[in-house]
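# Structure at a glance
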Amino acid sequence: MGSNLISKVKICLKPLNPFLYQGSLAFLTMKTSQLATTARCLCTRDTNPKSGGRQTVRQNSGPTDGQGGVRYRTIRHRQGGLWEDTVDGGGKSSSLRQRQSFPKSVFSAGTAKRTAEMLKREASLASEDEVDPKQEPERKTTRGARKVQPPDRPLSVAEWRKLKESLGNPERFDIKMIHALFTSGAELDIAKSLLTFATMETGTLSYELLLRYLSLCVSGSHDAEVFDVYDIMRGSFSSLETGASTLFIKSFSRTARWKEAVNLLQEVKKVFTPSSRNYGDVIAAAVLHGDMTTAWALYDELMEKGLSPHQETWDALFKGVKKTKEVEGLEEAMSQPEHQERLLGILLHMRNNQIYPQYSLASSIKTSFESLPGQKWKGSWTSATPKGLCRCCGSELESIQLTVEEYQQLKDRVMTDIIQGQDVFNKTTPEELEHFKAFVQRKPAFDVVVDGLNVANINKDKSKLSATLLAVVSDLERQGLTVLVLGRKHMLRATRSWERHNMNLIQEKAHCFFTDDISEDDPFLLYATLHSGNHCRFVSRDLMRDHKACLPDGATRRLFFKWQRGHQLVVDGLVVAGRRVQFQSILKYDTTIQTSGDSWHVPYDDTEDRSTYEVPQRWLCLTQKH
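Below or above, wherever it landed, is the structure these notes cover. Bear in mind the structure is a predicted one, so any value in this text is a computation, not a measurement. Once a new chain begins, its residue numbering starts again from 1 and follows that chain's sequence as written. Local features in this predicted model are restricted to residues of pLDDT 70 or higher, and side-chain atom pairs are both shown and tallied only at a pLDDT of 80 or more, whereas totals for entire chains, interfaces and linings draw on every residue. Hydrogens are left out, water is left out, and the side-chain values use all remaining heavy atoms of the structure.

### Focus on the sheet that holds strand E4 (residues 377-382)
Being paired, for any two strands, means DSSP has found at least two bridges between them. Helix and strand labels come from DSSP, where a helix needs a run of H or I of at least four residues and a strand needs a run of E of at least two; each type is numbered from the N terminus. Pairing in this open sheet of four strands is antiparallel, and the strands run E4-E12-E11-E10 from one edge to the other. Edge positions in the sheet fall to E4 and strand E10 (594-595), since each of these pairs with one other strand and no more. Relative to strand E12 (residues 618-624), E4 is paired through six bridges, and the arrangement is antiparallel. In the strand pairing of E12, Trp-381 is matched with Leu-620.

### Structural notes on the packing of helix H11 (residues 242-253) against helix H13 (residues 276-288)
Comment: axis = line fitted to C-alpha atoms, over the contacting stretch for helices; angle = value between 0 and 180 degrees taken between N-to-C directions. Where H11 contacts H13, the axes come no closer than 9 Å and their chain directions differ by 15°. Compared by their axis directions, H11 and H13 come out roughly parallel. H13 is crossed by H11, and the crossing has left-handed handedness. Together, Thr-246, Ile-249, Lys-250 and Ser-253 of H11 and Asn-278, Asp-281, Val-282 and Ala-285 of H13 make up the contact between the two elements. For this classification, Asp, Glu, Lys and Arg are treated as charged, while Ala, Val, Leu, Ile, Met, Phe, Trp, Tyr, Cys and Pro are nonpolar and the rest, including Gly, are polar. Classifying every residue of the contact of H11 with H13 gives three nonpolar, three polar and two charged. Angles are sorted into four bins: roughly parallel if under 35 degrees, roughly antiparallel if over 145, roughly perpendicular if 65 to 115, and oblique for all others. Note: crossing handedness is left-handed where the near helix turns anticlockwise from the far helix by less than a right angle, and right-handed where it turns clockwise. Throughout, a contact is declared for two residues whenever any of their heavy atoms are within 4.5 Å.

### Observations regarding the sheet that holds strand E9 (residues 568-569)
Here we have five strands laid out as an open sheet, ordered E7-E6-E5-E8-E9, and parallel in their pairing. The strands lining the two open edges of the sheet, one partner per strand, are strand E7 (511-515) and E9. Pairing analysis gives five bridges linking strand E6 (residues 483-488) to E7, with the strands arranged parallel. When the bridges of E7 are listed, Arg-488 appears paired with Thr-515. Seen against the sheet, helix H26 (residues 554-567) touches strand E8 (537-539) and E9 and runs at an angle of roughly 75° to E8.

### Some remarks on the pattern of salt bridges
The salt bridge definition used is simple: a Lys or Arg side-chain nitrogen within 4 Å of an Asp or Glu carboxyl oxygen. Taken as a whole and judged by the stated rule, the model has 23 salt bridges. We note a salt bridge from Lys-509 to Glu-477, for which the minimum N-O separation is 3.8 Å. Here Glu-477 lies in helix H22 (residues 465-478) and Lys-509 lies in helix H23 (residues 500-509), a separation of 32 residues in the sequence. For the exposure calls, accessible area comes from a 1.4 Å probe over protein chains only, and a residue counts as buried if that area is under 20% of its type's maximum, exposed if over 50%, partly exposed in between. Given a relative accessible area of 28%, Lys-509 falls into the partly exposed group. Of the charged contacts, one joins Asp-590 and Lys-562 as a salt bridge, the two residues approaching to 3.8 Å between their closest N and O atoms. In this pair, Asp-590 sits in the loop between E9 and E10 while Lys-562 sits in helix H26, placing the two residues 28 residues apart along the sequence. There is no split in this pair, since Asp-590 and Lys-562 are both buried. Shared partners join several salt bridges into a network, and the residues in it are Glu-406, Lys-562, Arg-565 and Asp-590.

### Comments concerning the packing of aromatic side chains
Note on aromatic contacts: the rings of Phe and Tyr and the six-membered ring of Trp form a pair at centre separations within 6.5 Å, being stacked when their planes are under 30 degrees apart, edge-to-face when over 60 apart, and tilted otherwise. Within this structure, the stated rule accounts for 22 aromatic pairs. Between Phe-538 and Trp-563 the ring centres are 5.5 Å apart and the planes differ by 25°, which places this aromatic pair in the stacked class. Taken as a pair, Phe-538 in strand E8 and Trp-563 in helix H26 lie far apart in primary sequence, 25 residues in all. With respect to burial, Phe-538 and Trp-563 carry one shared label: buried. Members of the aromatic cluster, connected to one another through ring pairs, are Phe-436, Phe-439, Phe-513, Phe-524 and Tyr-527. For a lysine, the NZ atom is tested; for an arginine, the CZ atom; a charge sits over a ring if that atom is within 6 Å of the ring centre and within 35 degrees of the ring normal. One residue, Arg-257, lies across the ring of Phe-227, its end atom 4.2 Å from the ring centre. The residue whose ring lies beneath Arg-565 is Phe-561, and the NZ or CZ to ring-centre distance is 4.5 Å.

This is the structure:
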């Protein structure tokens, strides 16, 4: 920003300082709280997004065995393929058939996004005929006419005034225009000319306009201009609010004046808790300039406040070894072993909180290990075999099955917080739940629990609901499994969807319990599955996210998700009577960061389409050569 403009702005703002301090901001057109929200939105725009060279690779996952005292034995495969291992459930061998060639899974990264896009396309095609093509162009034209179009070059004051008049002298013209400049990525000189116009028109600059100009400067990495705005705001306001502070910290952190960002962070802490992004910007600056002591001190502070670090923050810390070597003359450089110990602590934190590094962070982790002097680490991008072995080093990955202690802990929490939780009785009654518990106690341990209504609705033809359910139950029964089918009482009333003959056959092949029609199936399903033991699996497309949310803490929720991935069967494809049913694969191994001392295996997120309940399919293998 030119010095003349700075002088004009300072002169214009100076007489207003008393009003600023009294809180009567006559020229403000936006409340401070709204400004803070706007600034947060504006300042999070990435100037240099990283693609990371991501690629999606699907792989096969194989059979899952049980633990905790459950015995296994191998049986001969029948045509169509069986799971390699069979569970000994009450003296009876049993097995569940799965596809053998890289099947999809509801828990594989990107599945939910692809499904949503497919459904969206189908909905779009279905509604195509409902849109009047004659009205559509008119609607688009009307919407486009309301949008402020920014100029493609800097304008003089007279030209800005003429443009404003041509648009009907709209209110908040300067705010709408600078917003259009921001969203269109316009040249900074155009915005400067707008500020000059606003200053000449009103004799000052509104706080909102100045803040939006600051956002534009920060997003475009115009740090020299940011310094000018900083001088203006420091000279005009007694303190900086959240949005401005965040933007200044971000900009100062990437310049030689980064230590001023540290001071800004300290000032912010006196008023409110800085964000993870605030801390991350300053930590990255400290690392960039080789001050690892400051970087780790701020990281510890961030963690003590219960904030979740951004992956860019971890990325900067893993790059710290290289940066420290490049910067000489540091008085308090952190020792290499201490720094490495802290980095391992990050990996353990990610493991304990089921966090998966993105590809760019995984690359920094790989480089960090390989650059350790005298330790001879080798990193490779790889995947796991269906049996849970690393394809690179051959190490066996951790089992998806829970230990005896983990299983008992999860069972207790689910029984307390989901089965007996207050929300359960909104959809059932204590009497019905007790009746079901007594029913389960009288029966042998189940191998599979089937959510009858959920499975039946796999078939879009609603006249074949009972036939679909019968096909799945028959397939499981042929494998020698003890099956429980959970249904609702209306399924027993003979209708076109629920044929009496099919329902009678289902009751012959499986144990059945039919709840009241207003009852919710999931608590019953979870109770029967967990009560039957760690070998028991359940068949449903429901991902149980609401029930997982009922659990009291993150550790228990992660345990539930691990158990779910190792026990939930999802029918793959259509179910056709007389044909064998295929189930999506259950991974034999847990997808989590793990180590055996001389090796680390890090599952990394190689897609931007992963939902929170999905897990990556690609791994970073780190091995130490001796």
